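The primary structure of each chain is shown beneath.
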Amino acid sequence: MASTRLIDLWPAAGVRVRAGDLEMRWIDDELAVDLALLAGKGVHDEEVMPFNYPWSRGTKREVARSVLAFQWAARPRVSAERLVLELGVLVDGEPVGIQGASGTNWPVLREVETGSWLGRAHQGKGIGRRMRALMLHLCFEAMHAEHVVSAAFVDNAASNAVSRRTGYEVDGVQRVARDGVVVTQTRYRMDRARWLEVRADNEEIIGAVVEVVGVDALLADLEPVAPAS
């Protein structure tokens, strides 16, 4: 866990969300290595690619290094202008994947896009739904977001199912290049009014009381108070 001195200087390092056995927290170096090694063992079948950028292809070492490089680059991107909040996901203290949210111009738009991955050994157990629901709770209840969006390739059945199960509404489609071929992605959106409609359902998915730590200090950084005139 991050030290008090680090959290004082960089409040995002103190963000932690917990519900029962499920925890999401800031990714320090030790957790980053654990997650990198987990990703190196595989996050999807070799014949598919669920990500816009194919970071999950390569040898175990190459994939692990890609995870480390991305996480190290993401750490400083926690500002009002460019918010990238990457949280490690743990179940009973064991690292199982990453759940992230990112956006731009937070004080004005109050909108983020979610993205995630799980190690192969932890898929098919309902963790994906629970961690997405927990991220929605963090965004809407703790961070007071107005919109949360997501996207998934049409052939990524698991991600599409999680978005629908947690209450996102379809927000159109987009054509993107993947491995040199045009592929369609489905866009999803949830606004605050929709969150209020599905909040109880998501509480059932989470399955435990939610504890949020460190968000007030983060928001103080993201939404600085204007000086008195």
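This text gives an overview of the structure that appears in the document.

Rules behind the numbers
Residues numbered from 1 in each chain as written. Predicted model: local features only at pLDDT ≥ 70, side-chain atom pairs only at ≥ 80, totals over all residues. Heavy atoms only, no water. Core = buried A, V, L, I, M, F, W, Y, C linked by side-chain atoms within 4.5 Å. Buried < 20%, exposed > 50% of the residue type's maximum accessible area, 1.4 Å probe, protein only. Helix = DSSP H or I, 4+ residues; strand = E, 2+ residues; numbered from the N terminus. Contact = heavy atoms within 4.5 Å. Salt bridge = Lys/Arg side-chain N within 4 Å of Asp/Glu carboxyl O. Pairing = 2+ DSSP bridges. Axes fitted to C-alpha atoms, helices over the stretch in contact; angles between N-to-C directions.

**Section: the nonpolar core**
Inference 1: Formed by 43 residues in total, the largest nonpolar core has its most connected members in L83, W106, L138, M143, V148, L218 and L222.
Inference 2: By residue number, the principal contributor to this core is helix α5 (residues 127-142), which donates 10 residues.
Inference 3: If near-sequence neighbours (up to four positions away) are discounted, L138 is found in contact with V17, L85, L87, M143, V212 and V215.
Inference 4: Listed in part, the 17 residues of the second largest apolar core include L35, A36, A64 and I98.

**Focus: the pattern of salt bridges**
Inference 1: As enumerated under the stated definition, the model contains 14 salt bridges in all.
Inference 2: Put simply, R130 and D21 hold a salt bridge, and the shortest N to O gap is 2.7 Å. Placement of the pair is R130 in helix α5 and D21 in the loop between β1 (16-19) and β2 (22-26), with a sequence separation of 109 residues.
Inference 3: Look at D21 and you get partly exposed, because its relative accessible area is 31%.
Inference 4: A salt bridge links R189 to D171, with the nearest nitrogen and oxygen atoms 3.1 Å apart. Of the two residues, R189 sits in strand β8 (residues 181-191) while D171 sits in strand β7 (residues 169-178), which places them 18 residues apart along the sequence.
Inference 5: R189 sits in the partly exposed class, given a relative accessible area of 25%.
Inference 6: A relative accessible area of 30% places D171 in the partly exposed class.
Inference 7: Put simply, R18, E23, R25 and D28 are held in one network by salt bridges that share partners.

**As for the sheet that holds strand β4 (residues 94-104)**
Across a sheet, strands are paired by hydrogen bonds formed along the backbone, either parallel or antiparallel in direction.
Inference 1: Strand order across the open sheet formed by nine strands is β7-β8-β6-β5-β4-β3-β2-β1-β9, with mixed pairing between neighbours. At either margin of the open sheet sits one strand with a lone partner, and together these are β7 and β9 (210-213). With strand direction ignored, the average angle separating the axes of adjacent strands in the sheet is 25°.
Inference 2: Sheet topology places β7 next to β8; eight bridges connect them, and they run antiparallel. Pairing of R178 across the sheet is with V181, part of β8.

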